[in-house]
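Structural features, examined
Each chain, letter by letter, is given below.
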Amino acid sequence: MNEINSLPLQRRDYLKWMGAAGLAATGVNANAQSAWPNKPIRWIVPFAPGGTSSIVARTMATELTKQMGVPFIIDNKGGGGGVPAMQEMMRAPADGYTIVMSHIGLMAVNPLIYPDSGYDVNKDFVPVTLLSRVPSLFVVHKDVPATDLKSLVAYVKSRPGQLNYASAGNASAGHLAMEALKLATGMFITHIPYRGTGPALNDVLAGRIQLFSAGTPALLPHIKSGALRCIAVGTRERISVLPDVPTVAELGYKNFETVQWYGITAKVGTPPEILLKLQQECAKAMTSPEVIAKYAAESAIAGGGPASEYGAFIASEQARWKEVVIKGQIKPG
C-alpha cells in the first residue's frame, strides 16, 4: 500500500483523489464500478481540529484506510453546535461516501435546542456503530488555587460568576459535563463557547479561562506536563491513566456520571449492505494493536457493536440528558 493510502487525508486532498479515481475508472467494468468502496470516503467531524473527536477519527480512519484500500478523508467542520455539519450531511447522497462523526451533542442535545435545524436526527440519519466512550475530565489551569473538587467548589462559591469555563461549543460534550457538574455542586461559573476543543484548550492553557472539561486524549498530555490540574473524572470508577484522581461520584455527588462518546452515522437511505460493511470494518479496526494501544493510553472504551446497539444507546442518552438541558437552560449560542 502506498503512502497516500496509509493515512487519513484532509479535505484539501479530496478533489485530487476524486479526479484520480475518475481517471482510473476509465475502462473498468460496471460490476467493479458498483463495488463499495471504490473511491475516497469523506468523514465529516463536527468540530475544529485538535480535540478528542479529531483524535478518535484519525485513529480509526488510519485503520479503516489500511483495511479498505481507500482513503478516509477527515473534514473538520466546526461551529454551530454541529448543525452545519449535519446540514451538510443532508445535502450528500445516501451512498456511503459521506459519513459523519456523531456524538452526545449532535444526537442527544441538539434535537432539544435546535428544533428548526431542518433535519431530524432520528428520522433523517441512521446509526452505524459506536466508536468509543471517553472519560470526561474536569481540569483547572495550574494557577487556580484548587487542588481537588471540594476546594474548587469552595473557591468558585466565594466568587460567584467571576470564573469562566470553556467548551468546544454549545451542546458539546464538555458543555454538558460542566453544566451537570454545576447542577450537582451549586457552582455559578460562566460558560464561554468556542468552535472546537482545540481553540478552547489554547485559551485554557494560556490562563485566560480557568476551568474546562474534555476527554482524556485532548487533556492528558497537558495534565502530565503540569499545565493543567485534573480535579475529578466523570466516570463511575477511577481511570487507569489517572489512578490518583477521584471520581465526582465518590466525592459525595451520588450517581454522577459523564462520558464523551463518538460514533459513525450515515444518511437514511444508505444501502443496508454498505452500513453493515462499514460497521464490520470498524469492529475489525478496533481489534488492531494500534487502536487497542491508543484507546488504552487514553482509558477509552471501544465500541464496535451493531447499529441496533448504537441506536438504543443514543435513545438512552437522549432521555438522560434532557433534564440537564432543561435545568441548565442550554440554548443555542
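These remarks concern the structure in this document. (Residues numbered from 1 in each chain as written. Predicted model: local features only at pLDDT ≥ 70, side-chain atom pairs only at ≥ 80, totals over all residues. Heavy atoms only, no water.)

**Structural notes on the nonpolar core**
By size, the foremost hydrophobic cluster in this structure holds 49 residues, and its most contacted members are Met86, Val109, Phe138, Leu152, Ile189, Leu211 and Trp261. Elements with a contribution of two residues or more to this core: helix H4 (83-91), helix H5 (104-113), strand E5 (125-141), helix H6 (149-157), helix H7 (173-185), strand E9 (228-233) and helix H12 (307-327). Setting aside anything within four residues of it in sequence, one finds Trp261 in contact with Ser102, His103, Ile104, Met107, Leu130, Ser132, Arg133, Tyr310, Phe313, Ile314 and Glu317. With 31 residues, the next largest nonpolar core counts Met101, Leu131, Leu278 and Val291 among its residues. (Core = buried A, V, L, I, M, F, W, Y, C linked by side-chain atoms within 4.5 Å. Buried < 20%, exposed > 50% of the residue type's maximum accessible area, 1.4 Å probe, protein only. Helix = DSSP H or I, 4+ residues; strand = E, 2+ residues; numbered from the N terminus. Contact = heavy atoms within 4.5 Å.)

**Some thoughts on helix H9 (residues 216-225)**
Owing to its 3.6 residues per turn, the α-helix brings residues three or four apart onto one side. Those residues of H9 that fall on the buried side of the exposure criterion are Thr216, Pro217, Ala218, Leu219, Leu220 and Ile223. Gly226 sits one or two positions beyond H9 and adopts a positive phi of about 95°.

**Points about the pattern of salt bridges**
This model, assessed by the stated rule, comprises 14 salt bridges. Note that Lys77 is salt-bridged to Glu88, the shortest N-O span being 3.0 Å. Of this pair, Lys77 sits in the loop between strand E3 (72-76) and H4 while Glu88 is found in helix H4, placing the two residues 11 residues apart along the sequence. Among the ionic pairs, Lys294 bridges to Glu298, the shortest N-O distance being 3.4 Å. If you follow the salt bridges from partner to partner, you end up with Arg42, Asp75, Lys77, Glu88 and Arg91 in one network. (Salt bridge = Lys/Arg side-chain N within 4 Å of Asp/Glu carboxyl O.)

**Brief notes about the packing of aromatic side chains**
Given two aromatic rings, one states the distance between the centres and the angle between the planes to describe the pair. Going through the model one piece at a time under the given rule, you end up with 5 aromatic pairs. Here the aromatic rings of Tyr119 and Phe125 are separated by 5.7 Å at their centres, their planes lie at 85°, and the arrangement is edge-to-face. For Tyr119, a relative accessible area of 11% corresponds to the buried category. In this structure Phe125 comes out as buried when scored by relative accessible area, which is 4%. In this structure an aromatic cluster arises from ring pairing among Trp261, Tyr310 and Phe313. (Phe/Tyr/Trp six-rings, centres within 6.5 Å; stacked < 30°, edge-to-face > 60°.)

**Examining the pairing of strand E7 (residues 190-193)**
Pairing geometry for strand E6 (residues 164-167) and E7, over 4 bridges, is parallel. Each bridged residue has a counterpart across the sheet, and for Ala166 the counterpart in E7 is Ile192. In the classification by handedness, the crossover that spans E6, the intervening H7 and the parallel E7 is right-handed. (Pairing = 2+ DSSP bridges. Right-handed = clockwise from strand over helix to strand, strands pointing away.)

**A look at unusual backbone geometry**
Glycine aside, residues mostly have negative phi angles, and peptide bonds mostly take the trans form. Cis geometry marks the peptide bond from Trp36 to Pro37; its omega dihedral reads 0°. With respect to the helices, strands and loops of the structure, Pro37 is situated in the loop between helix H2 (30-34) and strand E2 (41-45). The backbone of Asn255 sits at a positive phi, close to 65°, despite the residue not being glycine. The topology assignment puts Asn255 in the loop between E9 and strand E10 (259-267). The exposed category is assigned to Asn255, whose relative accessible area is 56%.

**Some points on H12**
Its 21 residues give H12 an end-to-end C-alpha distance of 31 Å, which sits within 8% of 30 Å, the value for a rise of 1.5 Å per residue. Of all the bends in H12, the largest measures some 35° and sits at Trp321. For H12, the full list of buried residues reads Tyr310, Phe313, Ile314, Glu317, Gln318, Trp321, Val324 and Val325. Where the residues of H12 are buried, they touch strand E4 (98-103), H5, E5, H7 and E10. Trailing H12 by a residue or two, Gln329 shows a phi angle of about 50°, which is positive. (Expected span 1.5 Å × (residues − 1). Bend = angle between axes of the 7 residues up to and from the residue.)

**Quick notes on the layout of surface pockets**
Each pocket or cavity is described by its volume, and for the largest pocket that value is around 230 Å³. Lining the largest pocket are Ala180, Leu183, Ala184, Asn255, Phe256, Glu257, Thr258, Arg320, Trp321, Glu323, Val324 and Lys327. For the lining of the largest pocket, the secondary structure elements donating two or more residues are H7 and H12. No other element matches H12, which puts 5 residues into the lining of the largest pocket. Tallied by class, residues from the lining of the largest pocket come to 6 nonpolar, 2 polar and 4 charged. As a volume, the second largest pocket reaches approximately 170 Å³. In this structure, the second largest pocket is lined by 13 residues; those nearest its centre are Pro135, Thr235, Glu237, Ile239 and Ile301. Here the lining of the second largest pocket gets 3 residues from one element, more than from any other, and that element is E5. (1 Å grid on protein atoms, 1.4 Å probe; cavity = no way out; pocket = protein on both sides within 12 Å on 5 of 7 lines; lining within 4 Å. Points joined across faces, edges and corners; volume = space filled by probe spheres on them. Nonpolar A, V, L, I, M, F, W, Y, C, P; charged D, E, K, R; others polar.)

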